[in-house]
Amino acid sequence: MNNRKTVKDYIRTIVDFPHEGILFRDVTTLFADPRGFRMAVDQMLHPYAGQRIDKVVGLEARGFILGGAVAHQLGTGFVPIRKKGKLPGAVISEEYQLEYGEAVVEVHDDAIAPGETVLLVDDLLATGGTAEAGIKLVERLGGEIVGCAFVVDLPELGGRKRLEKMGMDVHALCDFEGL
């Protein structure tokens, strides 16, 4: 019998959060466990071993935790993509659609140099809207996305297909059915 835990085993599901009918996949339990967190970071890096990666981009907010750890392991820089109004200095912005309304993410206009290779990191891939906006920001700065790495994929929401349609290499450590 195999008693080895997987990344998925460390993720808690909270029913009806943030509202009824939602199964919230809580990665904070993964982050809190030293073995689970190391496992996740190592597995996020694995598909990109041997590739040149100049920067790791993390999407707000849990993508900062993962992206910082991944960048540290790669010995490269980390770039946060934040919600509108959270970064000081000159930024570029990208608007994207939410279920009800719109949102905007931003990055410093000098965070990525033309030709730099970038790994985009976040905790969860749902519809792919935030990731798509992040990809567009990186590409507008002249960066080249080498991959998009997530801990969790929610396949029913179509984010992976959306990003793959853009030509992105998508890697997720586990998936969960349902919303």
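Quick caveat, the model's predicted, so the values are computed rather than measured.

Caption draft 1: Representation of the sheet that holds strand S7 (residues 117–125) within the structure. Ordered by their spatial adjacency, seven strands build an open sheet running S5-S6-S4-S3-S7-S8-S9, and the pairing between neighbours is mixed. Whereas interior strands pair on both sides, the edge strands pair on one side only; in this sheet they are strand S5 (91–98) and strand S9 (170–175). Averaged over all adjacent pairs, the angle separating strand axes in this sheet is 20 degrees, with direction ignored. Bridging between strand S8 (residues 144–153) and S9 involves five bridges; their strand directions are parallel. Paired with Ala149 across the two strands is His171, which belongs to S9. Its contacts with the sheet place helix H2 (residues 34–45) against S7, S8 and S9, and it is angled at close to 145 degrees to S9.

Caption draft 2: Representation of the layout of surface pockets in the model. Estimated volume of the largest pocket: approximately 1200 Å³. Lining the largest pocket are 34 residues, and of these Leu98, Leu124, Ala126, Thr127 and Thr130 lie nearest its centre. For the lining of the largest pocket, the secondary structure elements donating two or more residues are strand S2 (23–26), strand S4 (77–83), S5, strand S6 (101–108), S7 and helix H4 (129–140). If you tally residues by element for the lining of the largest pocket, the top one is S7, at four residues. Its residues assigned to classes, the lining of the largest pocket comprises 21 nonpolar, six polar and seven charged.

Analysis parameters
Residues numbered from 1 in each chain as written. Predicted model: local features only at pLDDT ≥ 70, side-chain atom pairs only at ≥ 80, totals over all residues. Heavy atoms only, no water. Pairing = 2+ DSSP bridges. Helix = DSSP H or I, 4+ residues; strand = E, 2+ residues; numbered from the N terminus. Axes fitted to C-alpha atoms, helices over the stretch in contact; angles between N-to-C directions. Contact = heavy atoms within 4.5 Å. 1 Å grid on protein atoms, 1.4 Å probe; cavity = no way out; pocket = protein on both sides within 12 Å on 5 of 7 lines; lining within 4 Å. Points joined across faces, edges and corners; volume = space filled by probe spheres on them. Nonpolar A, V, L, I, M, F, W, Y, C, P; charged D, E, K, R; others polar.

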